[in-house]
Amino acid sequence: MITFYNASHLRHQGRLEMFRGELLPCFERADRVETVLAELRARRLGPIEAPEPFDDAPLARVHTQRYLDFLRTAWQEWIALDPANAGKDALPSFWPIRGFRSDRLPDNFAARLGLFSFDAGTPLTAGSWAAARGGACCALSAVRRVLAGERAAFALTRPPGHHAGVDFFGGYCFLNNAAIAAQALRDGGAARVAVLDIDYHHGNGTQAIFYERPDVFFASIHGDPRTEYPFYLGHADERGAGAGLGCNLNLPLPRGTAYPEWQQALAQALQAINGFCADALVLSLGMDTFEHDPISGFRLKRDDYYRIGETLAAQGLPIVITFEGGYAVDELGINTANLLQGFEQ
Ligand code: Q9C
Ligand code: ZN
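All values derive from a computational prediction rather than experimental measurement.

Reading the values: the criteria
Residues numbered from 1 in each chain as written. Chains lettered and ligands numbered in written order. Predicted model: local features only at pLDDT ≥ 70, side-chain atom pairs only at ≥ 80, totals over all residues. Helix = DSSP H or I, 4+ residues; strand = E, 2+ residues; numbered from the N terminus. Rg over C-alpha atoms; globule rule 2.2 N^0.38 Å. Buried ≥ 20, exposed ≤ 12 C-beta atoms within 10 Å, placed from the backbone. Contact = placed C-beta atoms within 7 Å. Core = buried A, V, L, I, M, F, W, Y, C linked by C-beta atoms within 7 Å. Arc of directions from axis to C-beta. Pairing = 2+ DSSP bridges. Axes fitted to C-alpha atoms, helices over the stretch in contact; angles between N-to-C directions. Parallel < 35°, antiparallel > 145°, perpendicular 65-115°, else oblique. Left-handed = near helix turned anticlockwise from the far one by under 90°. Nonpolar A, V, L, I, M, F, W, Y, C, P; charged D, E, K, R; others polar.

Once that is clear, we can look at the overall build of the chain. Within the chain, the regular secondary structure consists of ten helices and ten strands. At 19 Å, the chain has a C-alpha radius of gyration in line with the 20 Å of a compact globule built from 345 residues. Dimensions along the principal axes, computed over C-alpha positions, put the chain at roughly 55 × 45 × 40 Å. The burial tally for the chain puts 52% of its 345 residues in the buried class. A separation of at least 24 residues holds for 76% of the contacts in the chain among residues at least 6 apart in sequence.

Structure representation (structure tokens):
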């Protein structure tokens, strides 16, 4: 399978994230993608290419212009507040919750940082925009290849994307690579696109982006939001709205779920995608379902990922894979390569 890799991901290296009153070293580290890249190379799992350049137009098909403008200029504004900020990352600490206004853009940078985000775990750094843009270019390059007839393409994206919404970042995500890919597939001629999200955390951004759309089906298997991040979305009763009613499927599972139960949910999601008659599939590939993931609660084992790859291949749909979470860095390369290898066999 062809892989698109952007070295600009190295420009996003968050220092600290807020967790339970403490600033902890970021789980979403640059070596995540480097270890996957090394494993793909070692196993000769296909060509590895740099993405093509794209302008902002395909990003603006998913995100608002005012959000993209904010991301592009955020670091300059952050260091303009105080030159000493260059040595720190920007973390939001105010949010316009229910009853506050979000239509008026505050002049104060910290207020705008909160307006365009939903948690304090996602540091914005000097290189976040460049890195996120590079990741989106990987996703768009993968789409271009699949539209040209390739069966599958892997966008080894970092930072991840599926928590990012139309106009907000969070959950380590800035640009929603899977949503950008799905929209680009639509714009490139695929009439019906399905997004399957198998990250441990519900893909709240992707769901929200397509919630009222009948042309993009969203299915997700994730830790139950009653106890698991992102908490406020991802319940089974969210089925889509308006013209998109019936085009959203959430399959929340309890902490501790292992492969036998997980793969039943996968079969259910794939059956729904079949019923939707998708022309192409986008896979939001989070690897934080692994039993040893430090921030997640499922119990998938390394060999289970071969089976997942085989199951996805058996669907026979053209597929664009975007990389999402996965924080057990020591085994992340092995697990990811197992899935891709299972797909190829
Ligand atoms: N212990 C992705 O996997 N922190 N994002 C939750 C709970 C945020 C995960 C803390 C997790 C975000 C792409
Ligand atoms: Zn995740």
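Locating Gln315 in the fold gives a position in the loop between helix H9 (304-314) and strand S10 (319-323). Note: C-alpha distance between Gln315 and Tyr229 (86 residues apart in sequence) is 29 Å. For Gln315, the residues in contact, after removing those within four places along its chain, are Leu270 and Leu281.

Core analysis: the largest hydrophobic core is formed by 97 residues, its most contacted members being Ala142, Ala155, Ala181 and Val320. It is helix H5 (residues 128-147) that contributes the most residues to this core, eleven residues altogether. In contact with Ala181, not counting residues within four places along its chain, are Ala139, Ala142, Val143, Val282, Val320 and Thr322.

This brings us to H9. For H9, the full list of buried residues reads Asp304, Tyr305, Ile308, Gly309 and Leu312. Relative to the axis of H9, the buried residues are bounded by an arc of 145° and lie together on one face. Tucked into the core, H9 has its buried residues touching helix H8 (259-276), strand S9 (280-285), S10 and helix H10 (329-344).

The subject of this paragraph is the pairing of strand S3 (residues 22-25). Direction of pairing for strand S2 (residues 16-19) relative to S3: antiparallel, over a ladder of four bridges. What sits directly across from Glu17, in S3, is Leu24.

This next bit is on the packing of H5 against helix H6 (residues 177-187). Relative to each other, H5 and H6 sit at 30°, their axes nearing to 9 Å. The angle between H5 and H6 falls in the class roughly parallel. The way H5 lies across H6 gives a crossing that is right-handed. Residues Gly135, Ala136, Ala139, Leu140, Ala142, Val143 and Leu147 of H5 form the contact with H6, whose participating residues are Asn177, Ile180, Ala181, Ala184 and Leu185. Looking at the contact of H5 with H6 residue by residue, the class counts come to ten nonpolar, two polar and no charged.

As a further point, take the sheet that holds strand S4 (residues 48-49). Spatially, S4-S1-S5-S10-S9-S6-S7-S8 is the arrangement adopted by the eight strands of the open sheet, whose pairing is parallel. The sheet is open, and its two borders are formed by S4 and strand S8 (248-253), each paired with just one other strand. Pairing analysis gives five bridges linking strand S6 (residues 193-197) to S9, with the strands arranged parallel. Bridge pairing in S9 places Ala194 opposite Leu281. Here H5 sits on the sheet in contact with strand S1 (2-4), strand S5 (152-155), S9 and S10, set at roughly 175° to S5.

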